[in-house]
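Below are the chains, spelled out letter by letter.
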Amino acid sequence: MAKFDIIAATGCPTGIAHTFMAKEALEKAAAERGLTIKVETHGQVGVENELTKSEIAGAKAVVVAADKDVQAERFAGKPMVSVGVSKALSVEAAGKLIDRALAAKGDSTVAAAADVEDEVEEKESIGHVIYKHLMNGVSHMLVFVVAGGVLTAVSFLWGITSFDSTAADYNSFAAMLKIIGGIAMNLMVPVLSAYIAESIGKRPALVPGFVAGMIAIQGLPVNAETGMIDAGGAGVGFGFLGGIVGGFLAGYVILLLEKVFAGLPKNLDGLKAIFLYPLFSTAIVGLVMLGISGPMAAINTAMMDFLKGLSASGAVVLGLAIGCMCAFDMGGPVNKAAYVTGTAMLTEALAAGVGTDTYNFGTNFMAAVSAACIVPPLITTFAVVVGKKYFSQEDHDAGVVNLILGCTHITEGAIPFMTKNIWPVMPIMMLGSSIASILTIMFNVHDPAPHGGFLVLPVVENGPLWVLAILIGAVVGGILFVAFKKYDFEKNQKAAPAAKPVEAPKAAAVEAPKAEAVDFVKVENVFVAEDFASRDEALSFVSNQAVKAGIASDADAVMNAFLARESEGTTGMMEGFAIPHAKSDAIAEAAVIVVKDESGVTGWDTMDGAPVNVAIALLIPGAQAGTTHLKILSKVAEALMDQDFRATVKGSTDAAEIAKTINARLV
């Protein structure tokens with residue numbers, strides 16, 4: 001059985017994007033440190049790449065990056081760091097988590113390298129524990145909401161009252177769809193409550209959790225005639241807020257009962273699980289939930305009135321609140337708060353029935369939330385297409401994929417763009433989402449489906465106007481994003497050391513071709529055993545090495561020069577070779593840096609589609625762009641036509657031999 005230095009578990013409430021982004025970041029961070037890692041994911045399809053007991057036992061440390069229950073008790077006794085999934089979405093952040101986990105073992109070398117502000121915390125914060133339990137319930141609930149909401153919305157295609165056998169537009173199939181959808185939607189609160197409880201008290205907490213959820217949607221039954229509690233009477237439900245309260249209550253009641261019954265003989269464990277826990281927990285939780293029914297119903301009503309009050313303040317106020325919340329962390333706690341509120345209001349809207357004020361407000365609110373969630377990925381798509389030269393190839397590819405993610409209501413695709421420049425990208429995303437939300441409310445759009453993006457357009461009232469609102473928000477945000485990237489790109493291009501006399505560059509331009517070829521490729525600038533995850537990572541490495549070697553003064557300016565050249569056309573050749581070249585005033589002297597990656601650098605467009613094993617990077621001062629640059633480039637290109645040259649450079653692991661081979665062709 002394979003052993004791993006680090007094991008990890010990732011999971012987000014929806015299990016769609018954050019889960020796998022964190023997995024990839026952790027794997028890359030571990031590779032950078034020469035560590036082996038196995039990451040278990042808790043996505044919407046379930047647990048994948050599951051950790052075995054022997055793998056857990058053999059690991060040096062554990063990283064848990066999750067906003068849902070991932071059964072962290074399995075790792076008891078192991079050095080461990082546990083944080084929210086949003087803390088592991090970049091390679092840098094994931095690397096810090098790995099360092100912290102290893103530092104927990106008492107490795108003084110690693111501990112010294114960890115940031116002071118990121119000191120190891122053996123215990124999770126109370127806030128994160130509560131949030132994790134809540135999100136475990138939300139993640140299980142959302143699929144019921146989506147399935148039930150979409151089926152209910154589809155039933156409206158036959159007519160708004162097609163489910164009603166007394167109506168003129170009645171259709172039996174539509175009626176069945178609405179029945180199925182309604183059942184799924186009605187399970188929303190019980191499932192939310194049960195899986196919050198399960199996250200706290202494990203399997204025994206499911207029973208009281210489900211009961212608490214059912215009480216939350218039914219309320220305390222009272223006989224209308226006697227005014228007394230009556231099982232045959234009717235109650236006032238208190239919605240998803242009641243489900244949340246009931247879930248936490250059920251979970252912690254189970255923990256309490258475990259302590260109460262801890263003194264019972266071990267051979268009665270079966271009796272506790274099948275009889276004592278469900279009986280006492282259900283009775284306690286049920287009585288408490290019925291007892292707080294009145295206050296909880298009042299709180300639920302007050303919350304709904306507050307949201308309606310925002311609407312009464314105007315579309316701008318409500319739309320701004322929705323847009324900013326949805327784009328603030330794109331799938332994180334704030335985003336989920338807005339989305340879950342939208343789904344709760346939609347549930348009430350569908351229960352109230354078409355044509356009611358509750359229905360109109362709830363479906364309009366849901367349409368605004370959906371619009372705000374769709375916009376951020378579309379902003380990145382617009383930006384990478386319109387401003388392609390200002391983005392890396394990796395960002396361009398991600399932006400194109402975001403077209404699909406955005407159109408299907410998956411906001412998380414925009415996160416990598418925001419994490420690179422939180423300011424001003426986050427405000428740009430929030431502005432674009434707010435514009436879409438405000439226009440959606442003003443256009444009186446109604447969306448009876450809680451998810452699906454443009455896939456549910458057939459059931460959206462005023463659908464074309466909804467699409468228009470989203471496109472306006474995406475275009476405005478995209479234009480601002482491109483403007484920022486253009487400014488940033490040009491600023492880095494202009495970054496250079498102190499200005500030199502005008503005559504000096506001209507002289508250099510004349511003298512440079514006379515330099516000995518051996519001056520270009522130095523042994524210390526040949527790196528033969530590297531491992532790069534992408535083209536941009538390789539170019540970043542070269543840029544930083546250029547500064548360390550005194551060849552250049554600004555790594556960012558060199559990197560931008562490389563990317564600017566790649567945007568004009570790939571420098572990837574054939575048979576594993578690439579000849580990237582950077583021309584910048586930040587480069588002080590002409591030089592060549594060679595990097596080799598035996599496993600191959602993916603994501604670099606090459607003529608034969610093969611990964612790049614050898615990159616011969618040319619660094620040229622801006623003043624020598626038309627002389628030294630063309631001379632070296634042409635000679636390297638000619639050399640690559642020689643099979644013996646390719647075989648020697650690609651096959652050798654001796655830096656001196658590689659430098660000598662290339663210098664010989666630059667004479």
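Residues numbered from 1 in each chain as written. Predicted model: local features only at pLDDT ≥ 70, side-chain atom pairs only at ≥ 80, totals over all residues. Heavy atoms only, no water.

Considerations on the environment of Thr358
Link 1 in the chain: Along the chain, Thr358 turns up in helix α14 (residues 357-386).
Link 2 in the chain: C-alpha separation for the pair Thr358 and Glu348, spaced ten residues apart in sequence, amounts to 7.2 Å.
Link 3 in the chain: Excluding its chain neighbours within four sequence positions, the residues that come into contact with Thr358 are Lys308, Glu348, Ala349 and Ala352. (Helix = DSSP H or I, 4+ residues; strand = E, 2+ residues; numbered from the N terminus. Contact = heavy atoms within 4.5 Å.)

Some thoughts on the pattern of salt bridges
Link 1 in the chain: One pass over the structure, following the stated rule, counts 15 salt bridges.
Link 2 in the chain: Its salt-bridge partner being Lys486, residue Glu490 comes within 2.8 Å of it at the nearest N-O pair. In this pair, Glu490 and Lys486 are both assigned in helix α18 (residues 463-494), four residues apart and thus about one turn of the helix distant.
Link 3 in the chain: In this structure, Asp536 engages Arg535 in a salt bridge whose closest nitrogen and oxygen atoms are separated by 2.8 Å. Residues Asp536 and Arg535 agree in their burial class; the two are buried.
Link 4 in the chain: Here the salt bridges do not stand alone but share partners, grouping Glu32, Arg33 and Asp99 into one network. (Salt bridge = Lys/Arg side-chain N within 4 Å of Asp/Glu carboxyl O. Buried < 20%, exposed > 50% of the residue type's maximum accessible area, 1.4 Å probe, protein only.)

Considerations on α14
Link 1 in the chain: Relative to the 44 Å expected for 30 residues at 1.5 Å per residue, α14 spans 42 Å between its end C-alpha atoms, a close match to the ideal helical length.
Link 2 in the chain: The largest bend in α14 amounts to roughly 30 degrees and is located at Val375, with the proline Pro376 lying one to four residues further along.
Link 3 in the chain: Burial analysis of α14 places 24 of its 30 residues in the buried class, which makes it a mostly covered element. (Expected span 1.5 Å × (residues − 1). Bend = angle between axes of the 7 residues up to and from the residue.)

Considering the environment of Lys132
Link 1 in the chain: Examined against the element boundaries, Lys132 turns out to sit in helix α5 (residues 126-155).
Link 2 in the chain: Considered as a pair, Lys132 and Pro13 are 119 residues apart in the sequence and their alpha carbons are 8.7 Å apart.

Some points on the state of the cysteines
Link 1 in the chain: Taken as a whole and assessed by the stated rule, the structure comprises zero disulfides.
Link 2 in the chain: Unpaired in this structure, Cys373 has its nearest cysteine sulfur neighbour in Cys326, at a distance of 3.9 Å. (Disulfide = S-S within 2.5 Å.)

Digging into the nonpolar core
Grouped burial of nonpolar side chains is what soluble globular proteins tend to show.
Link 1 in the chain: Among the nonpolar cores identified, the biggest contains 62 residues, and Ile6, Leu26, Val63, Ile98, Trp466, Ile470 and Phe481 are the most heavily contacted of them.
Link 2 in the chain: The element best represented in this core is α14, accounting for eight residues.
Link 3 in the chain: Apart from the residues lying within four places of it in its own chain, the contact partners of Ile98 are Ile6, Leu26, Ala29, Ala30, Arg33, Leu35 and Val63.
Link 4 in the chain: Formed by 57 residues, the second largest nonpolar core is a distinct cluster that contains Phe261, Ala297, Leu310 and Met345. (Core = buried A, V, L, I, M, F, W, Y, C linked by side-chain atoms within 4.5 Å.)

Some details on helix α24 (residues 655-665)
Link 1 in the chain: Among all positions in α24, only Ala655, Ile658, Ala659, Thr661, Ile662 and Asn663 are buried.
Link 2 in the chain: Its buried side turned inward, α24 meets β6 (521-527), β9 (591-601), β10 (612-621) and α23 (643-651).
Link 3 in the chain: If you check the start of α24, you find a side-chain oxygen 2.9 Å away from the backbone N of Ala656, and it comes from Asp654. (Polar contact = N/O pair within 3.5 Å; in protein donor to acceptor, adjacent residues only side chain to side chain.)

Things to note about the side chain of His451
Link 1 in the chain: Structurally, the position occupied by His451 is in the loop between α17 (422-442) and α18.
Link 2 in the chain: For His451, a relative accessible area of 18% corresponds to the buried category.
Link 3 in the chain: In this structure the side chain of His451 is engaged in a polar contact, spanning 3.4 Å, whose partner is the backbone oxygen of His409.

Some thoughts on the confidence of the model for the protein
Link 1 in the chain: On average, residues of the protein score 85 in pLDDT, and 90% of them are at 70 or above.
Link 2 in the chain: Residue range residues 106-122 is modelled with pLDDT below 50. Its contacts to residues more than four positions away, or to other chains, number 16 contacts.
Link 3 in the chain: Per-residue pLDDT stays below 50 along residues 496-518; that stretch engages in 18 contacts with residues further than four places along the chain or on separate chains. (pLDDT = per-residue confidence, 0-100.)

As for a nonpolar patch on the surface
Link 1 in the chain: There is a patch of nonpolar side chains on the surface, built from Leu271, Ile274, Phe275, Leu279, Phe280, Ile284 and Val288 and spanning about 620 Å² of accessible area.
Link 2 in the chain: Examined against the element boundaries, Phe275 turns out to sit in helix α10 (residues 269-291).
Link 3 in the chain: Here Phe275 falls in the partly exposed class, since its relative accessible area comes to 43%. (Patch = residues over 30% accessible without salt bridge, like charges linked within 9 Å, V, L, I, M, F, W, Y side chains within 5 Å. Areas by Shrake-Rupley, 256 points an atom, 1.4 Å probe, with all protein chains shown as cover.)

A short note on the packing of aromatic side chains
Link 1 in the chain: Taken as a whole and assessed by the stated rule, the structure comprises 13 aromatic pairs.
Link 2 in the chain: Considering the side-chain rings of Phe261 and Tyr277, the 6.0 Å spacing of their centres and the 40 degrees angle between planes classify their relative orientation as tilted. In this pair, Phe261 sits in the loop between α9 (239-260) and α10 while Tyr277 sits in helix α10, placing the two residues 16 residues apart along the sequence.
Link 3 in the chain: According to the relative accessible area criterion, Tyr277 is buried, its value standing at 9%.
Link 4 in the chain: Residues Phe532 and Phe541 carry aromatic rings whose centres are separated by 5.4 Å and whose planes lie at 55 degrees to one another, so their mutual orientation is tilted.
Link 5 in the chain: The exposure class of Phe532 is buried, given its relative accessible area of 7%.
Link 6 in the chain: Through pairs of rings, three or more aromatic residues link up here, namely Phe261, Tyr277 and Phe280. (Phe/Tyr/Trp six-rings, centres within 6.5 Å; stacked < 30°, edge-to-face > 60°.)

Description of the sheet that holds strand β3 (residues 46-48)
Link 1 in the chain: Read across the sheet, five strands follow the order β3-β2-β1-β4-β5 without closing on themselves; strand pairing throughout is mixed. Every interior strand has two partners, whereas the edge strands, β3 and β5 (80-83), have only one. Ignoring strand direction, the axes of neighbouring strands in this sheet form an average angle of 10 degrees.
Link 2 in the chain: Inspection of the sheet shows strand β1 (residues 6-11) paired to strand β4 (residues 61-66) by six bridges, in the parallel sense. Each residue of the ladder has a partner; that of Ile6, found in β4, is Ala61. (Pairing = 2+ DSSP bridges. Axes fitted to C-alpha atoms, helices over the stretch in contact; angles between N-to-C directions.)

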